[in-house]
Structure formats: structure tokens, C-alpha cells
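Results of the structural survey
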Amino acid sequence: MLIKEGMEEDNVRPRHHLVRRLKKAAKWADELHACCEGPEYVEDSTALEAEAYALWMRGTLELEREEWSGATEHFVRAHKIYTELGKVCEAGEAEAFKHRVDEIELSLRFCRFSSGSAADAPLELRDLASHHHAPDPAAYDPLSEKLSKVLAETRKRKADGLQEVQWRSKSVNIKSEKVRIAFISMQDAEFQVERESDVDEKLQLYTKLFMCFNDASEALRAEISPLAAMEKRSNKDETLLADLRFLCDYVSYLKLSRTVERNLLLISAAKENLRGRTAGTTVVASGAKRDKPSKPDDLVRLYEIVVDNIASMTELYGSEDVEALKELAAKSLSYKAFRCFYVAMSYSQSGKLAESAALFGRCAQHIEVARTHHTDRGTTAEAELSELDALSRAVRAERSILRAA
């Protein structure tokens, strides 16, 4: 990279030196890959990472040689491996893989531009094979098989390490391997949701996450059924049954929590598309696409779902963690205030000004009650208090408009 930065366009010697260095690096990367392929003591994930590195180096060399088709083929394969490895590794490694994927995407864009194939079109990796005469997708079957094997081994290893779950000040051992594997899949899906920034992609990942929650619930029910059917149970069986039901509640709580997150994402996108003067009451989600205009009634329904979800979460949580229950109660009051605001806006747009004014007054009361609850929580509620302040300003503005009408 230092050689490349110091090159001048008219000076070919540094460029030749760079190509020679890259050729050596690609050769050593190929040898590293060859060393990792055979021995049984090398993990499949390590062998795949070595293969991806070799493909990346080979693609970089071909890019400098302006061999666009070959560079694209190697970059596409390296991109696939690094992307899949990023899904099954630890958080620190995932960031490194994501950085490499970003580098490869830039290189692919440059290859596409330089080869003159739809340079002004957005890059779609799945279309690169047809644009650059890459091998048939069937040629990637061995690679897909390796990636699937690594994913299965990683989940198995994580499942072996996942022995217990801590929740509601209680620790429960997970004795069933099927349940452990289901929990690992659940955690992997949660990790994918957390690291995704694009709104549309995030919403799709939430769907996959909810499927994982359902799979975990089914695995737990399969363990519970034979125990619940017993007419007489030993103390050991009673303890195991109680633990499994506890884990069921835990999965239900996580699913409700993620459902709230998803609905808040939908609310943020709906507010961005909201017609009229109410759109400025909150910060909208980054990356949300403008769809058809939203109506206040759309937000009312979403906030009602959120409030119902929090009520269900409160029932599952029990009374062990007072601070957690206070947080849920404060958030519920905040969302009730927002719901009341959009109900008032709906009446205002329908011409029912008296009812709208009364609801804005009720909303102001909800805001004060919610603010009191959040203030009791201390500095951890700064974001919620800021949202309530913005809502309070919106309420004052709407009431002023109604008085002037």
C-alpha cells in the first residue's frame, strides 16, 4: 500500500515493483491456503479464511494488472466467504471480516467501471457472474458445502459452551442439545439484526429472527410435553419441567422485546412518511425509504401494539427485578402519550376540533406522568426524556393552532 500511495502516473517503475510484490504475496497466500487444506488439525473455518485471503490477494494482483474478469471472479468468491464467515464468528472477528467485505465491494465497483459494463448502475453482486463471464453458480457448490459445514460446527461448538441462561435473577441449565442449538441460532440471528443498519434489510432479518424464536419455542415444547403428560413426577422431573417452562417464558420475553424494537422501527419509518405537520415529532430511522404517505391512524395502531407487547412483557417478568419493571412501566406511559397524540391528530384532521383539543390536553397529562417515571430512573432515561420534550413541544404547537382556528 505504501508503494501504491507513492506512485506517480507517469512513473512505471514503482508500478512494476508493486505488481512484483503483489505476485509474491499472492503466491505465499496460495501456499498458506494449500497448507490449510489437507491437515485434520486445521479447522474448516481457518481453511476457509485462508482460501478467502488467497482469493482476495489473487484478485488484487489481477486488478493491478487490469485483468478485470479474473479479478472479479476472485473478488466475488472472496466476498462470499468473508460474508458467511462474518455470520458465524465472534463480534471482534466479524468487524474485521466486514471491513474486508467493504474493501472487496469497492474493488468490484472499480472492476465493473473499468471494464465498461454498466458503470453507472448500482453494484449487484448476484449479477456479477453474468456481467463478467464468471463460472456457473454450480461451480460454487463445494464452497457452499464448506460454509454450511463451518456454520454447523460453529453452532455445535457454541452450543457445547452454552450451558445456562440467566434471567430474572435466576440461572437455569440447558440440558438438551437440541434446545442449546436452537438458542445458538437465535443468538446468531439477533447478532445479524444488531449489526445491520439498512432499515429494509433489518426488517427482513427480524422476520428470520422471529422464525428462530419459534424454533426455540418448539424445541422447548417438545421437551415439556412428555414431562407434562406424566401422572406422577419425581422432584427431579418437577424441577426440570419448571426450568423448561422458565426457558419458554424467557424466549417469549425476548420475542416480545424484539417485536417492540421492530414496531418502533416501523413507527420511525411511518413518521418520516407522515403527511402534514406531525412528521417532526421524532428522529426518523436512518435508511428508511419513503413509501406511500402515512396517516395518524397508522401510528395509533402501531403504538397500541407496542403498549400491548410491553404489558405482556411485564406479566412474564414477574416481580423479581423492580428496576426492570419500572423501566417497562415508564416506557409504556411514554408510548401511551404518543398514541394519544396521534389519536388527537386523527380527530384534528377529521375536523373534530373539540375532541382533538381534549385529547391534546390528555396527552400533556400523559407526558408529565411519563416524565416523572423516567426521571426516577436517572440518567439511563435521557433518550426517552428527550423524546418526551419533543412531543411536549408538538402538543403545545397543535393546541396553539386549534385555539387560533
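See the structure shown above.
Please read these numbers as outputs of a predicted model, since none were measured by experiment. (Residues numbered from 1 in each chain as written. Predicted model: local features only at pLDDT ≥ 70, side-chain atom pairs only at ≥ 80, totals over all residues. Heavy atoms only, no water.)

Some remarks on the packing of helix H11 (residues 296–317) against helix H12 (residues 322–349)
As a packed pair, H11 and H12 sit with axes 9 Å apart at the nearest point and diverge in direction by 160°. Relative to H12, H11 is oriented roughly antiparallel. Here H11 and H12 pass one another in a crossing that is left-handed. Here the residues of the contact of H11 with H12 are counted per class, giving 17 nonpolar, 4 polar and 5 charged. (Axes fitted to C-alpha atoms, helices over the stretch in contact; angles between N-to-C directions. Helix = DSSP H or I, 4+ residues; strand = E, 2+ residues; numbered from the N terminus. Parallel < 35°, antiparallel > 145°, perpendicular 65-115°, else oblique. Left-handed = near helix turned anticlockwise from the far one by under 90°. Nonpolar A, V, L, I, M, F, W, Y, C, P; charged D, E, K, R; others polar.)

Observations regarding the nonpolar core
Here is a general trend for soluble globular proteins: nonpolar side chains tend to be buried in one another's company. Grouped together as the largest cluster of nonpolar side chains are 69 residues, with contacts concentrated most on Phe183, Met186, Leu220, Leu247, Phe341, Tyr342 and Leu391. Within the residue set of this core, elements represented by two or more residues are strand S1 (164–167), helix H8 (177–195), helix H9 (199–229), helix H10 (235–272), H11, H12, helix H13 (353–377) and helix H14 (382–404). A total of 14 residues in this core trace back to one element, the largest contributor, which is H10. (Core = buried A, V, L, I, M, F, W, Y, C linked by side-chain atoms within 4.5 Å. Buried < 20%, exposed > 50% of the residue type's maximum accessible area, 1.4 Å probe, protein only.)

Focus: the packing of aromatic side chains
Counted under the stated rule, the structure contains 16 aromatic pairs. Pairing tryptophan 167 with phenylalanine 246 gives two aromatic rings, centres 5.4 Å apart and planes at 55°, and the pair type is tilted. Of this pair, tryptophan 167 sits in strand S1 while phenylalanine 246 sits in helix H10; the two residues are 79 residues apart in sequence, bridging distant segments of the chain. Residue classification places tryptophan 167 among the buried residues on the basis of a relative accessible area of 7%. Since its relative accessible area comes to 4%, phenylalanine 246 is described here as buried. The ring of tryptophan 56 has arginine 100 sitting right over it, with the charged end atom 3.7 Å from the ring centre. Over the face of the ring belonging to phenylalanine 246 we find lysine 170, whose NZ or CZ atom lies 4.8 Å from the ring centre. (Phe/Tyr/Trp six-rings, centres within 6.5 Å; stacked < 30°, edge-to-face > 60°. Lys NZ or Arg CZ within 6 Å of the ring centre and 35° of its normal.)

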